[in-house]
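# Survey of secondary and tertiary structure
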Number of protein chains: 2
Amino acid sequence: MMSDTHNTAPTRFIDAHIRYAYRRFGASSCTPILFLQHFRGGLDNWDPLVTDGFAKDRPVILFNNAGVASSGGEPADTVSGMAKHVVSFIKALGLSQVDLFGFSLGGFVAQQVVLEQPNLIRRVIIAGTGPQGGEGMASFAPKVAEHATRETPVLEDFLYLFFSPSETSQASGRSFWQRRHARLEQDIPSSMAAMRAQAAAIAAWGEVPKAGRYGALSAIRQPVLIVNGHHDIMVPSINSLILQEHIPNATLILFPDSGHGAIFQYPDRFVSLARLFLDE
Amino acid sequence: MMSDTHNTAPTRFIDAHIRYAYRRFGASSCTPILFLQHFRGGLDNWDPLVTDGFAKDRPVILFNNAGVASSGGEPADTVSGMAKHVVSFIKALGLSQVDLFGFSLGGFVAQQVVLEQPNLIRRVIIAGTGPQGGEGMASFAPKVAEHATRETPVLEDFLYLFFSPSETSQASGRSFWQRRHARLEQDIPSSMAAMRAQAAAIAAWGEVPKAGRYGALSAIRQPVLIVNGHHDIMVPSINSLILQEHIPNATLILFPDSGHGAIFQYPDRFVSLARLFLDE
């Protein structure tokens, strides 16, 4: 297993009522880190430089939630429902504790998991994400929605959604796209039904509550690292600051000239900072 | 020189019209990093864990601006005047390029130096600071002013001004205070005249300009690392976000449960992150 990498690790399945698809690779020491993916994303939507970077000194587990890409079952249409699948999956693997890395929608799910099952989680990294009922999270801008919901997403969608308009950022987006497609045995795409369920979950998570906005965040006791790009058009970057303000032990990192996908624009920098955080 | 540390490096003087006091220690390779100090602070107001941390792999230079503590000359009463002294000092040492680390008032000066003499500066780290005309920077709150202007500052002033009210943060403040006083041969305190000149410089820097607020920041081409605590009562933390928004190549780090002196609350973490940034 230790010699597997992002591009060679086989897709595995584990049955826990649902048949969850996952991949596991990397060092066998340290707490495993479980990756929770963005809207519509599957096992192949991570950057190998990020996954293999973490895998140098800990087990990396990539995971498709129920009904997403190669996982079985019905896609959950609430963040809370997705969190329950994450917990079932962790328990099915027989893991007593993991670190969570949640990106975008995966960051919503990570917050929910750590609130519901704090003993299962050691540390949390969340990127390109926001709190329940955050600023400007109830709906996407029309152009964002158009790119985010295209039946078969193409490079131009990711360049628009994940990267800044600068030449540098766009070039890093194209490099990411190459890395992301380097693996031969690719996961199947998520269905349109999965997209609709996730869109419903995102819209409900983004609704501003009538009372107690951000109140739940104070219950998160784990160390949390919050990362985002300078100008995120999918989950506005101000939400990263709000998370840092309300989670008691949270460190915030914002990268320059970047957007939602800053972790894929600065994969080496991100991994270096994240490993420092995980090893503190 | 390489065996000197924060606590043993002698105070040196160099004449460039003004007789500037400084200390230099650390590795002899890499670009030197020049430390620019906070309101009223002198050579001993740094944390040895921070200075010695940087000194592991680069020369560290601590510096008193004109009229501050053991430096000669009249204290400048504008940030621009202080920046001119920094430039004179760098040139007097015969250095062709340095990294700047500016804390609080030192962060204002660092911004001014990099704008006026971009070729002298390779990279910039600024902590607990804000842009010219930032949010809530024109004056201190009354209690902040009272603690910040006491004739002989005591531990309680630093605990209030630099750390959060939590037990953890206050305890880290007391540890900092011990480290900060461990050196036997201490610098003389800054005069009240230096305090008044610096206060005038801070007040003028904090004034909101009639037009072009934050416009100058876009001219900074160097990579910049911006660091602050979660809730800075001297230079409100929102200014760190504003700096990140307006400086083209700036990375922001905000630490949890901390204030203006976050770099002294998390000295090891700060140094690790800063060294990654400097070595990129």
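The shown structure was predicted, so the numbers you read here are calculated from the model rather than taken from an experiment. (Residues numbered from 1 in each chain as written. Chains lettered and ligands numbered in written order. Predicted model: local features only at pLDDT ≥ 70, side-chain atom pairs only at ≥ 80, totals over all residues. Heavy atoms only, no water.)

The next point concerns the overall build of chain A. A count of helical and extended segments in chain A gives ten helices and eight strands. In terms of overall size, chain A behaves like a compact globule, its C-alpha atoms giving a radius of gyration of 17 Å where 280 residues would be expected to give roughly 19 Å. Projected onto the principal axes, the alpha-carbon positions of chain A cover approximately 45 × 40 × 40 Å. Buried residues in chain A amount to 61% of all 280 residues. Residue pairs in contact within chain A that sit at least 24 positions apart in sequence constitute 75% of those at least 6 positions apart. For chain A, the exposed surface amounts to about 10,600 Å²; the carbon and sulfur share of it is 54%. Here chain A contributes 23 positively and 25 negatively charged side chains, and the mean placements of these two sets differ by 3 Å. (Helix = DSSP H or I, 4+ residues; strand = E, 2+ residues; numbered from the N terminus. Rg over C-alpha atoms; globule rule 2.2 N^0.38 Å. Buried < 20%, exposed > 50% of the residue type's maximum accessible area, 1.4 Å probe, protein only. Contact = heavy atoms within 4.5 Å. Areas by Shrake-Rupley, 256 points an atom, 1.4 Å probe, with all protein chains shown as cover. Lys, Arg positive; Asp, Glu negative; His and termini not counted. Charge placed at Lys NZ, Arg CZ, Asp CG, Glu CD.)

A few words on the packing of aromatic side chains. Residues and elements named next belong to chain A. Following the criterion strictly, the structure yields 44 aromatic pairs over all chains and no others. Measuring from centroid to centroid gives 5.5 Å for W46 and F101, while their planes differ by 40 degrees, and the two rings are tilted. Placement of the pair is W46 in the loop between β3 (33-36) and α1 (48-55) and F101 in strand β5 (residues 98-103), with a sequence separation of 55 residues. For W46, a relative accessible area of 0% translates into the label buried. With relative accessibility at 0%, the residue F101 sits in the buried group. (Phe/Tyr/Trp six-rings, centres within 6.5 Å; stacked < 30°, edge-to-face > 60°.)

This paragraph deals with the interface of chain A and chain B. Contacts between chain A and chain B engage 20 residues on the former and 20 residues on the latter. When chain A packs against chain B, close to 1,700 Å² is buried across both sides, 58% of that on carbon and sulfur atoms. At the junction of chain A and chain B, the tally comes to two salt bridges. Here R269 of chain A ties to E280 of chain B by a salt bridge, and the two come within 3.2 Å at their closest N and O atoms. (Buried area = accessible area lost by both parts, 1.4 Å probe. Salt bridge = Lys/Arg side-chain N within 4 Å of Asp/Glu carboxyl O.)

Below, the discussion takes up the confidence of the model for chain A. Mean pLDDT over chain A: 97, with 99% of residues reaching 70 or higher. With a pTM of 0.96, the predicted complex shows an ipTM of 0.95. (pLDDT = per-residue confidence, 0-100.)

Copies of the same chain, two in number, are related to each other by a rotation about an axis and a translation along it. With an RMSD of 0.0 Å, the operation that places chain A on chain B is a rotation of 180 degrees combined with a shift of 0.0 Å along the axis. Taken together, the rotation angle and the small translation identify this as a two-fold axis. Closest approach to the rotation axis among the C-alpha atoms of chain A is made by I253 of chain A, whose C-alpha sits 2.3 Å away. Both copies present the same face, since 100% of the interface residues in chain A are matched by interface residues at the equivalent positions in chain B. (Least-squares fit on C-alpha atoms with pLDDT ≥ 70 in both.)

A full pass over the atoms with the stated rule returns 26 salt bridges over all chains. Note that D47 of chain B is salt-bridged to R179 of chain B, the shortest N-O span being 2.6 Å. Remark: R179 of chain B occurs in helix α6 (residues 167-180) and D47 of chain B occurs in the loop between β3 (33-36) and α1 (48-55); sequence separation between them is 132 residues. Taking relative accessible area as the criterion, D47 of chain B reaches 0% and is therefore assigned buried. One salt-bridge network, in which partners are shared between bridges, spans R23, D44, R183 and E185 of chain A.

Residue and element names in this part refer to chain B. Checked against the element boundaries, W205 lands in helix α7 (residues 192-206). Judged by relative accessible area, W205 falls into the buried class, the value being 5%. Measuring from C-alpha to C-alpha, the distance between W205 and A127 comes to 16 Å, with 78 residues separating the pair along the chain. Those residues within four positions of W205 in sequence are excluded, and the remaining contacts are V79, F108, Q111, Q112, G130, P131, Q132, G133 and M137. Here the side chain of W205 touches G130 through a polar contact of 3.4 Å, landing on its backbone oxygen. (Polar contact = N/O pair within 3.5 Å; in protein donor to acceptor, adjacent residues only side chain to side chain.)

Take helix α5 (residues 155-162) of chain B next. Residues spaced three or four apart along an α-helix face the same direction, because each turn holds 3.6 residues. Residues and elements named next belong to chain B. For α5, the tally of buried residues reaches six of eight residues, placing the bulk of the element in the interior. Looking at α5, one finds that the buried residues are L155, D157, F158, L159, L161 and F162. On the buried face of α5, the contacting elements are β5 (98-103), α4 (142-148), α6 and α9 (262-265).

Glancing now at the environment of T31 of chain B. All names here are of chain B. Summarising the element assignment, T31 is placed in the loop between β2 (18-26) and β3. Given the relative accessible area of 19%, T31 is considered buried. What T31 contacts, discounting residues up to four positions off in sequence, is R58, P59, Q97, V98, D99 and R122. Separated by 3.4 Å, the side chains of T31 and R122 make a polar contact.

Attention shifts here to the side chain of D187 of chain A. Residues and elements named next belong to chain A. Considering the arrangement of structural elements, one finds D187 in the loop between α6 (167-180) and α7 (192-206). A distance of 2.6 Å separates the side chain of D187 from the side chain of S70, its partner in a polar contact. Non-local contacts of D187, meaning those with residues more than four positions away in its chain, are made with R23, G42, L43, D44, N64, A69 and S70.

Next up on the list: the packing of α1 of chain A against helix α10 (residues 267-279) of chain A. Residues and elements named next belong to chain A. Where α1 contacts α10, the axes come no closer than 9 Å and their chain directions differ by 30 degrees. Taken together, the axes of α1 and α10 are roughly parallel relative to one another. As α1 packs across α10, the resulting crossing turns out to be right-handed. Contact residues: α1 offers L49, V50, G53 and F54, while α10 offers P267, D268, F270, V271, A274, R275 and L278. Split into classes, the residues belonging to the contact of α1 with α10 amount to eight nonpolar, one polar and two charged. (Axes fitted to C-alpha atoms, helices over the stretch in contact; angles between N-to-C directions. Parallel < 35°, antiparallel > 145°, perpendicular 65-115°, else oblique. Left-handed = near helix turned anticlockwise from the far one by under 90°. Nonpolar A, V, L, I, M, F, W, Y, C, P; charged D, E, K, R; others polar.)

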